[in-house]
Amino acid sequence: ADRLQNCLAVFATWIERFIQYLYDPNQNFDFSLSLSPDPGKYAGLSGLGLLATHLTAEIRRDSMPGSVQSLTSNGGNQDIVPMGAISVLRNRRSIESLFSLTSIFAYSIYQAGFLKGINFEDKNIFEGIKSSNKDRPLKEELRKIELFLKNQ
């Protein structure tokens, strides 16, 4: 469970860094700031970038091995089982966060395609999803993408 958590942290970090690359015109000259042609009240997708960083930081925080917190129990007979349970519970929480992070990643790719004139709307993952040419909340789009990913 500890090794899985470390893998989740590395994967989440890779996804988050790619999202930040897409959102930063200083690194990626092909796209506007936060993948928005005209940032307004919601500042393009910058809120999604902040959420991606938050989710990744949580996953990385939880990647500390449960064995580091080892405490003996059962008359000094057991110290591995309770720590294994901690790691498994952390993994469950991290996997949920990773679905949210992956949804942000997918929507970011969708928005980048929109800005480049690529139409992804006929792809199953983006069915019913609208691009963001105008600032607005994206909660519903992210929820649809996350449900699609969880059901695959």
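Q: What exactly am I supposed to notice about the nonpolar core here?
A: One recurring pattern in soluble globular proteins: nonpolar side chains tend to sit buried together. Judged by nonpolar contacts, the single largest core of 27 residues is most densely connected at Ile19, Tyr23, Leu48, Leu101, Ile104 and Tyr107. Looking at this core, the elements that each hand over two or more residues are helix H1 (2-23), helix H2 (46-61), helix H3 (81-115) and helix H4 (139-150). Broken down by element, this core gets its largest block of residues, eight residues, from H3.

Q: What should I look at first to understand the pattern of salt bridges in this one?
A: Two side chains of opposite charge can pair, provided their charged atoms sit close to one another. All told, the structure shown has six salt bridges when counted by the stated rule. With a closest N to O distance of 3.2 Å, lysine 150 and glutamate 146 form a salt bridge. Note that lysine 150 and glutamate 146 are positioned in helix H4 at a spacing of four residues, about one turn of the helix. A residue is classified by how much of its surface remains accessible, and glutamate 146, at 17% relative accessible area, is buried. In the salt-bridge network here, residues are joined through shared partners; they are Arg61, Asp62 and Arg93.

Q: Even after reading the chapter, I still don't get the packing of aromatic side chains, so can you show me in this structure?
A: Within a pair of aromatic rings, the relevant descriptors are the distance that separates the centres and the angle that separates the planes. Counting across every chain of the model gives five aromatic pairs. Seen in terms of ring centroids, tryptophan 14 and phenylalanine 18 are 6.0 Å apart; in terms of plane orientation they differ by 25°. Their pairing is stacked. Within this pair, tryptophan 14 and its partner phenylalanine 18 are both found in helix H1, separated by four residues, close to a single helical turn. Put simply, the rings of Trp14, Phe18, Tyr21 and Phe105 pair up and form one aromatic cluster.

Q: I tried to follow the confidence of the model for the protein on my own but got confused; where do I start?
A: Caution applies to low-pLDDT regions: their predicted coordinates should not be interpreted in detail. For the protein, per-residue confidence averages 82 on the pLDDT scale, and residues scoring 70 or more make up 79% of the total. The secondary structure element of the protein with the lowest average pLDDT is H3, at 86, and the one with the highest is H1, at 92.

Q: Looking at this structure, how should I read the side chain of serine 108?
A: Turning to its location among the elements, serine 108 is positioned in helix H3. Those residues in contact with serine 108 that lie beyond four places of it in its chain are Ile19, Leu22, Tyr23 and Leu35.

Q: What exactly am I supposed to notice about the environment of leucine 45 here?
A: As for its placement among the helices and strands, leucine 45 is situated in the loop between H1 and H2. With 66 residues separating them along the chain, leucine 45 and glutamine 111 place their C-alpha atoms 9.1 Å apart.

Q: Would you explain the packing of H1 against H2 in this entry?
A: For any two helices packed against each other, one specifies the inter-axial angle together with the distance between the axes. Running from N to C, H1 and H2 cross one another at 160°; their axes reach a closest spacing of 9 Å. With respect to each other, H1 and H2 are oriented roughly antiparallel. Crossing geometry of H1 relative to H2 is assigned as left-handed. Contact residues: H1 offers Gln5, Leu8, Ala9, Ala12, Thr13, Glu16, Ile19, Gln20 and Tyr23, while H2 offers Leu48, Gly49, Ala52, Thr53, Thr56, Ile59 and Arg60. In the contact of H1 with H2, the residues fall into eight nonpolar, six polar and two charged.

Q: When you look at H4 in this model, what are you seeing that I'm missing?
A: Side chains that are three or four residues apart share a direction in an α-helix, a result of its 3.6 residues per turn. Here H4 is twelve residues long and its end C-alpha atoms lie 16 Å apart, about the 16 Å a rise of 1.5 Å per residue gives. Along H4, the positions that sit buried rather than exposed are Glu141, Leu142, Ile145 and Glu146. Down the axis of H4, the smallest arc covering the buried residues is 130°, so these residues share one side.

Q: What exactly am I supposed to notice about the side chain of asparagine 91 here?
A: Among the structural elements, asparagine 91 can be located in helix H3. Given a relative accessible area of 5%, asparagine 91 falls into the buried group. A polar atom in the side chain of asparagine 91 sits 3.1 Å from the backbone oxygen of alanine 1.

The rules we used
Chains are numbered independently. Their residues run from 1 in the order of the written sequence. Per-residue local features are limited, in this predicted model, to residues with pLDDT of at least 70; the limit for side-chain atom pairs, both in listing and counting, is 80 or more; totals at the level of whole chains, interfaces and linings are taken over all residues. For the side-chain quantities, the full set of heavy atoms in the structure was used; hydrogens and water were omitted. To define a nonpolar core, start from buried Ala, Val, Leu, Ile, Met, Phe, Trp, Tyr and Cys residues and group those joined through side-chain atoms within 4.5 Å. Each residue gets one of three labels from its accessible area relative to the maximum for its type: buried under 20%, exposed over 50%, partly exposed in between, using a 1.4 Å probe on protein chains only. Here a helix means four or more residues in a row that DSSP labels H or I, a strand means two or more in a row labelled E, and each is numbered from the N terminus. Should a side-chain nitrogen of Lys or Arg be within 4 Å of a carboxyl oxygen of Asp or Glu, the pair is scored as a salt bridge. By convention, a stacked pair of Phe, Tyr or Trp rings (six-membered ring in the case of Trp) has centres within 6.5 Å and planes under 30 degrees apart, an edge-to-face pair has planes over 60 apart, and any other such pair is tilted. Known as pLDDT, the predictor's per-residue confidence is scaled from 0 to 100. Contact criterion: two residues are considered in contact whenever any of their non-hydrogen atoms come within 4.5 Å of each other. Note on geometry: axes are lines fitted to C-alpha atoms, helical ones only across the stretch in contact, with angles between N-to-C directions running from 0 to 180 degrees. Orientation is classified from the angle alone, with under 35 degrees giving roughly parallel, over 145 giving roughly antiparallel, 65 to 115 giving roughly perpendicular, and any other angle giving oblique. Note on convention: near helix rotated counterclockwise from far helix by under a right angle means a left-handed crossing. Clockwise means right-handed. Each residue gets one label: Ala, Val, Leu, Ile, Met, Phe, Trp, Tyr, Cys and Pro are nonpolar, Asp, Glu, Lys and Arg are charged, and the others, such as Gly, are polar. In this analysis, the expected span of each helix is defined as 1.5 Å times one less than the number of residues it contains. Of all possible arcs, the one meant is that of the directions from the helix axis to the C-beta atoms. Contacts described as polar in this section are N or O atom pairs within 3.5 Å, which, within protein, must combine one atom able to donate a hydrogen with one able to accept it, while residues neighboring in sequence count only if both atoms come from side chains.

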